[in-house]
Amino acid sequence: MTFVLYLFYPLFMQTNLFSGQSADLRSIRDRLKIAFGRDRAGFRVSAINQFIRSFISSRTMDWQSDRAFTRLLNRFSGPEALADAPVAEIEAALEGVQFADKKARELKDALLHVRARAGTVDMEFLAGLDVDTALVWLEQIRGVGRKISAATLNFSALKKRSFVVDTHIIRILRRFGFVKPNAETEDVYDAVMEAANDMSADDLYEFHWHLKRLGQNTCKAFQTSCNACPLSESCMKRMDAPMGRSGRAA
Ligand code: SF4
């Protein structure tokens, strides 16, 4: 019996995990919680400010985009003033951010788009929408994908139940076997949200930062440290590795 179970265990894991079941998600969440402890949001900014922060953050280290975000807050009296500011002034405030010129142009366009549709450069009205409707509203803005829309809803004072998927999270959940190897941002989002029925907005926030931390330190793009990984017992990639448990990642 044990031998039969051993033979079919990888198959069972594959089908079970690919379906994105709650038990698998809970297992990952609980292991990370034990490893990293509690990680709850301190101060939450308004939805429009979180939108701006997320909009400028792609392909940039967090500390650099946070600095640029603080500069924007200091240089402009608010989102309305930022929307009306010359692109060159916005670009100057985005110093250190990747593609600052492009982001300055696109951010201004995005804020003007918000004003045209909402009547003001503000997103508090999203509080009254369900998450799916709010995601659709945000993703109609040029340059806004699921990462920015979910962050606007979950990281801000709106504190809605949405999950922010970044490259670290896609990589880990693919390797672990929770999603298919070719799963993209929205696939990962859907799989996590479907399985996260017992997780609050705070839990989803914490889960994001725990996975990101694992991706930055342990399950890196080109190097894994499986021996030190809290997910190693159930990770498909590690189980696939015949000898070495850590090393260069595929
Ligand atoms: S066991 Fe290895 S491959 Fe799997 S999540 Fe951890 S570091 Fe990544």
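Details of the structure are given in the entry above.
Residues numbered from 1 in each chain as written. Predicted model: local features only at pLDDT ≥ 70, side-chain atom pairs only at ≥ 80, totals over all residues. Heavy atoms only, no water.

Colleague: How should a negative patch on the surface be read in this particular structure?
Modeller: A contiguous patch of negative charge on the surface is contributed by Asp-130, Asp-132, Asp-187, Asp-190 and Glu-194. Assignment of secondary structure puts Asp-187 in helix α11 (residues 185-195). Here Asp-187 falls in the partly exposed class, since its relative accessible area comes to 43%. (Patch = residues over 30% accessible without salt bridge, like charges linked within 9 Å, V, L, I, M, F, W, Y side chains within 5 Å. Areas by Shrake-Rupley, 256 points an atom, 1.4 Å probe, with all protein chains shown as cover. Salt bridge = Lys/Arg side-chain N within 4 Å of Asp/Glu carboxyl O. Lys, Arg positive; Asp, Glu negative; His and termini not counted. Charge placed at Lys NZ, Arg CZ, Asp CG, Glu CD. Helix = DSSP H or I, 4+ residues; strand = E, 2+ residues; numbered from the N terminus. Buried < 20%, exposed > 50% of the residue type's maximum accessible area, 1.4 Å probe, protein only.)

Colleague: Please explain the nonpolar core as it appears in this structure.
Modeller: Side chains that are nonpolar tend, in soluble globular proteins, to be buried together. Core analysis: the largest hydrophobic core is formed by 70 residues, its most contacted members being Phe-51, Leu-72, Met-123, Phe-163, Phe-178 and Val-192. If you count residues domain by domain, this core takes at least three from each of domain 1 (2-40 + 164-241) and domain 2 (47-154). (Core = buried A, V, L, I, M, F, W, Y, C linked by side-chain atoms within 4.5 Å. Domains from an automatic or database assignment.)

Colleague: I would appreciate a short explanation of the packing of helix α3 (residues 47-55) against helix α4 (residues 62-75) in the present structure.
Modeller: Helix-helix packing: each pair is described by the crossing angle between the helix axes and the interaxial distance. At a minimum axis separation of 9 Å, α3 and α4 run at an interaxial angle of 135°. Judged by the angle between their axes, α3 and α4 are oblique. By crossing handedness, the relation of α3 to α4 is classed as right-handed. Judged by residue contacts, Asn-49, Ile-52 and Arg-53 of α3 engage Asp-66, Phe-69, Leu-72 and Leu-73 from α4. Residue classes in the contact of α3 with α4 are distributed as four nonpolar, one polar and two charged. (Axes fitted to C-alpha atoms, helices over the stretch in contact; angles between N-to-C directions. Parallel < 35°, antiparallel > 145°, perpendicular 65-115°, else oblique. Left-handed = near helix turned anticlockwise from the far one by under 90°. Contact = heavy atoms within 4.5 Å. Nonpolar A, V, L, I, M, F, W, Y, C, P; charged D, E, K, R; others polar.)

Colleague: Help me understand the pattern of salt bridges, please; the structure alone is not making it clear to me.
Modeller: Where charged atoms from two side chains of opposite charge come close, those side chains can pair. On inspection of all chains with the given rule, the structure shows 18 salt bridges. Between Glu-206 and Arg-40 there is a salt bridge, with its nearest N and O atoms 3.3 Å apart. With Glu-206 in helix α12 (residues 201-217) and Arg-40 in the loop between α2 (22-36) and α3, the pair connects residues that are 166 residues apart, well separated along the chain. On the basis of relative accessibility, which here comes to 2%, the residue Glu-206 falls in the buried class. Judged by its relative accessible area of 25%, Arg-40 falls in the partly exposed class. Measuring nitrogen to oxygen at the nearest pair gives 3.3 Å for the salt bridge that ties Lys-159 to Asp-202. Placement of the pair is Lys-159 in the loop between α9 (146-154) and α10 (167-176) and Asp-202 in helix α12, with a sequence separation of 43 residues. A residue is classified by how much of its surface remains accessible, and Lys-159, at 40% relative accessible area, is partly exposed. Within the structure, one salt-bridge network assembled from shared partners comprises Arg-26, Arg-29, Asp-30 and Asp-198.

Colleague: Even after reading the chapter, I still don't get empty space enclosed by the protein, so can you show me in this structure?
Modeller: Tallied over the full model, the rule gives two cavities of 30 Å³ or more. Quantified by volume, the largest cavity comes out at close to 130 Å³. Of all the elements in the fold, those that place two or more residues in the lining of the largest cavity are α10, β1 (223-225) and α13 (236-240). Ranked by the residues each element gives to the lining of the largest cavity, the list is headed by α10, at three residues. Grouping the constituent residues of the lining of the largest cavity by class yields eight nonpolar, four polar and three charged. Put simply, the second largest cavity is a space of about 40 Å³. (1 Å grid on protein atoms, 1.4 Å probe; cavity = no way out; pocket = protein on both sides within 12 Å on 5 of 7 lines; lining within 4 Å. Points joined across faces, edges and corners; volume = space filled by probe spheres on them.)

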